[in-house]
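# A closer look at the structure
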Amino acid sequence: MKPADIQAFFETLQAANPHPETELNYSTPFELLTAVLLSAQATDVGVNKATAKLFPVANTPEKILALGEEGLCEYIKTIGLYKSKARHLLETCRMLIAQHGSEVPRTREALEALPGVGRKTANVVLNVAFGEPTMAVDTHIFRVGNRTGLAPGKTPLDVELKLLKRIPPDFRLHAHHWLILHGRYVCQARKPRCWECSVSSVCKFKPKTAAPA
């Protein structure tokens, strides 16, 4: 995709949604970290249902730890891989208390040192909680980056680095959310909804999907 097309791509998405937000429900950086950690291979809707019951009871590292593994699992057992996520979350809480004064750290290195927190999760927290212009490449962004020609790459890291290089600075803060939402609701995996896509004119995907009869 040419620079002029990339500019038009993000201008269009920005005009439609000037201030995009995550669809995960949270009110503090720790709640966000918890929700993102739980969201791996799970839907935001499913995570929100679980945290709607969990957070009123336990929304700090100390309170999560007080639940114990069995108690925590009762709240998140509707989420996939909940047992391993519970263990990771409990160990993360221990590290936050011991090493960070119960606060969520603001550096990638410190975030990625937490159990269950990889590069994608760290990027989400840095972007959403702390306003860093990071790019958390999930399956939606990976697909959109490749399919549209915006940032073709063989790995999520390839796509992430190309996006950070190609996206104009004015759009980098919100680009992560625009691309996720576009991939989730328009540029869908099995059948992209090209007939209602606002950026189809600059997208390199061919042939475009026709509207249902």
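Refer to the structure printed above.
Described below are features of the structure shown in this document. (Residues numbered from 1 in each chain as written. Predicted model: local features only at pLDDT ≥ 70, side-chain atom pairs only at ≥ 80, totals over all residues. Heavy atoms only, no water.)

## Thoughts on the overall build of the chain
- The helix and strand inventory of the chain stands at 10 helices and zero strands.
- Reading the secondary structure of the chain in the N-to-C direction produces α-α-α-α-α-α-α-α-α-α.
- Radius of gyration (C-alpha) of the chain: 18 Å, near the 17 Å computed for a compact globule of 213 residues.
- With respect to the principal axes defined by its C-alpha atoms, the chain has extents near 55 × 40 × 30 Å. (Helix = DSSP H or I, 4+ residues; strand = E, 2+ residues; numbered from the N terminus. Rg over C-alpha atoms; globule rule 2.2 N^0.38 Å.)

## What to know about helix H2 (residues 29–38)
- Counting buried residues in H2 gives nine out of 10 residues, a clear majority hidden from the surface.
- All buried positions along H2 are accounted for by Phe 30, Glu 31, Leu 32, Leu 33, Thr 34, Ala 35, Val 36, Leu 37 and Leu 38.
- Its buried side turned inward, H2 meets helix H3 (44–54), helix H4 (61–76), helix H5 (82–100) and helix H7 (119–128). (Buried < 20%, exposed > 50% of the residue type's maximum accessible area, 1.4 Å probe, protein only. Contact = heavy atoms within 4.5 Å.)

## Topic: unusual backbone geometry
- Cis peptide bonds are those with omega within 30 degrees of zero, and the linkage from Lys 206 to Pro 207 qualifies with -5°.
- Even without being glycine, Leu 81 reaches a positive phi, approximately 60°.
- For Ser 102, which is not a glycine, the phi torsion comes out positive at approximately 70°.
- In this fold, Ser 102 is placed in the loop between H5 and helix H6 (108–112).
- A residue is classified by how much of its surface remains accessible, and Ser 102, at 19% relative accessible area, is buried.

## A short note on the side chain of Thr 121
- Secondary-structure assignment places Thr 121 in helix H7.
- With residues near it in sequence (within four places) discarded, Thr 121 still touches Leu 33, Val 36, Leu 37 and Gly 116.

## A closer look at the nonpolar core
- Membership of the largest hydrophobic core comes to 35 residues, with the highest contact counts inside it found for Ile 64, Leu 72 and Leu 111.
- For this core, the secondary-structure elements that each account for two or more residues are H2, H3, H4, H5 and H7.
- The dominant element in this core, judged by the number of residues it contributes, is H2, at seven residues.
- In contact with Ile 64, not counting residues within four places along its chain, are Phe 30, Leu 54, Ala 58, Leu 72, Leu 89, Leu 90 and Cys 93.
- In this structure, Leu 13, Val 144, Phe 171 and Trp 178 belong to the second largest nonpolar core, which totals 24 residues. (Core = buried A, V, L, I, M, F, W, Y, C linked by side-chain atoms within 4.5 Å.)

## Section: the packing of H2 against H7
- Direction vectors running N to C along H2 and H7 enclose 150°, while the axes themselves pass 10 Å from each other. In this view, H2 runs roughly antiparallel relative to H7, as classed from their interaxial angle. In this structure, H2 meets H7 at a crossing whose hand is right-handed. Packed against H2, whose contacting residues are Leu 32, Leu 33, Val 36 and Leu 37, the element H7 presents Thr 121, Val 124, Val 125 and Val 128 at the interface.
- When the residues that make up the contact of H2 with H7 are grouped by side-chain class, the tally is seven nonpolar, one polar and no charged. (Axes fitted to C-alpha atoms, helices over the stretch in contact; angles between N-to-C directions. Parallel < 35°, antiparallel > 145°, perpendicular 65-115°, else oblique. Left-handed = near helix turned anticlockwise from the far one by under 90°. Nonpolar A, V, L, I, M, F, W, Y, C, P; charged D, E, K, R; others polar.)

## Some thoughts on the packing of aromatic side chains
- One pass over the structure, following the stated rule, counts four aromatic pairs.
- Both rings, one in Phe 9 and one in Phe 10, keep their centres 5.1 Å apart while their planes meet at 65°; by these two values the pair is edge-to-face.
- Judged by relative accessible area, Phe 9 falls into the buried class, the value being 0%.
- When the ring of Phe 171 is compared with that of Trp 178, the centres are 6.3 Å apart and the planes differ by 65°; the resulting orientation is edge-to-face.
- Assessed through its relative accessible area of 4%, Phe 171 is described here as buried.
- Note on Trp 178: relative accessible area 3%, which makes it buried.
- The side chain of Arg 147 reaches across the aromatic face of Phe 205, ending 5.3 Å from its centre. (Phe/Tyr/Trp six-rings, centres within 6.5 Å; stacked < 30°, edge-to-face > 60°. Lys NZ or Arg CZ within 6 Å of the ring centre and 35° of its normal.)

## Quick look at the pattern of salt bridges
- Scanning the model with the defined rule gives nine salt bridges in all.
- Close ionic contact of Arg 94 with Glu 91 constitutes a salt bridge, the shortest N to O distance being 3.2 Å. One end of the pair is Arg 94 and the other is Glu 91, both in helix H5 and three residues apart, which spans about a single turn.
- Three or more residues are tied together by salt bridges with common partners; here these are Glu 23, Asp 44 and Arg 184. (Salt bridge = Lys/Arg side-chain N within 4 Å of Asp/Glu carboxyl O.)

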